[in-house]
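Examining the three-dimensional arrangement
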Amino acid sequence: MYVSLWNLGRVVVGAACLAGVVSVLAPAAEPAVKEAGAKEAAAKEAAAKAEKAGPAWTSLFDGKTLGKWKPTEFGGQGEVTIKDGAIYLATGNDLTGITWSGKDWPKMNYEISLDAQRVDGTDFFCGLTFAVNQDPCSLIVGGWGGTVVGISSLDGLDAYNNNTTKIVSFKKGQWYHIRLRVTPKQLEAWIDNDKVVDADTTDKKIGIRGEVDASKPLGIATWQTTGAVKNIRFRQLPEEKAQK
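1. As for the overall build of the protein
Of regular secondary structure, the protein possesses two helices and 15 strands. When burial is assessed residue by residue, the protein has 43% of its 244 residues classed as buried. Restricting the contact set of the protein to residue pairs at least 6 apart, pairs at least 24 apart contribute 64%. With an accessible surface of roughly 13000 Å², the protein has 55% of that area assigned to carbon and sulfur atoms.

Structure (structure tokens):
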């Protein structure tokens, strides 16, 4: 093929220019990536410190007996057992769970934390139902095929359809540390110190899906999945700290 020296020169110059652009952009992108990584690391560190600081935690599970927890009567639920310091929720048709039967559960300014694991199955292994003032709400971990995290429900939209929806990969047999904070204008949640929910609830209608109604006022459930939970804890937040 005949190529003029003029055209060949244009190709060579163009390639050189492109290489130059790439070489300029690549170093420029590196600081942004490093900055993002540093911010993420700082946020995780801050979350870990926040959990250790503040009011003392109260255990809601002694690792040996259900105590104030009762198997939830969903209908079609799987077996609830205790093994190796954890509560196992066997696969049900469709839900299996436990509900708190102790004294009145607080409705505002509190945190709850727990460790949860997907033992088997492909759907949510932790559906944490909790109170927000007079309304119930749920934090879904690993729903809709196994990866969706979010709040059900805000303004009638569940965890798969509102602005709290996150896609997170979970491994079977791995424990994940979950922490939820309820304050007057905000719902926040962390998984292993990664913040996965930061929802402004001002003027939002808060509710739950009807399937987990039996989990009120506080419950943990799985959907067509075997899950395990342990280290369930709670603490009340002083109002002035809860506002921060």
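2. Structural notes on the pairing of strand E4 (residues 86-89)
Residues Ala86 and Tyr88 line one face of E4 and the alternating positions Ile87 and Leu89 line the opposite face, and both faces are buried. Between strand E3 (residues 80-83) and E4, which follow one another and run antiparallel, lie two residues, and Asp84 among them has a positive phi close to 55°. Sheet topology note: the E4/strand E15 (residues 225-236) ladder contains three bridges and is antiparallel. When the sheet's bridge partners are listed, Ile87 is paired in E15 with Val229.

3. Details of the confidence of the model for the protein
Parts of the prediction with low pLDDT should not have their coordinates interpreted in detail. On average, residues of the protein score 88 in pLDDT, and 84% of them are at 70 or above. Taken together, the stretch residues 1-19 has pLDDT below 50 and engages in one contact with residues farther than four places along the chain or on a different chain. Throughout residues 21-25 the model reports pLDDT below 50, and contacts reaching past four residues in sequence, or to other chains, amount to one contact.

4. Focus on the side chain of Asn162
Assignment of secondary structure puts Asn162 in the loop between strand E9 (148-152) and strand E10 (166-167). Classification of Asn162 as buried rests on a relative accessible area of 12%. One polar contact links the side chain of Asn162 to the main-chain carbonyl oxygen of Asp158, over a distance of 2.9 Å. Aside from chain neighbours lying at most four places away, what touches Asn162 is Ile151, Leu154 and Leu157.

5. With respect to the environment of Phe234
Note that Phe234 resides in strand E15. On the basis of relative accessibility, which here comes to 14%, the residue Phe234 falls in the buried class. Setting aside anything within four residues of it in sequence, one finds Phe234 in contact with Ala56, Trp57, Thr58, Leu60, Trp105, Pro106, Tyr110, Glu111 and Ile112.

Cut-off values and rules
Residues numbered from 1 in each chain as written. Predicted model: local features only at pLDDT ≥ 70, side-chain atom pairs only at ≥ 80, totals over all residues. Heavy atoms only, no water. Helix = DSSP H or I, 4+ residues; strand = E, 2+ residues; numbered from the N terminus. Buried < 20%, exposed > 50% of the residue type's maximum accessible area, 1.4 Å probe, protein only. Contact = heavy atoms within 4.5 Å. Areas by Shrake-Rupley, 256 points an atom, 1.4 Å probe, with all protein chains shown as cover. Pairing = 2+ DSSP bridges. pLDDT = per-residue confidence, 0-100. Polar contact = N/O pair within 3.5 Å; in protein donor to acceptor, adjacent residues only side chain to side chain.

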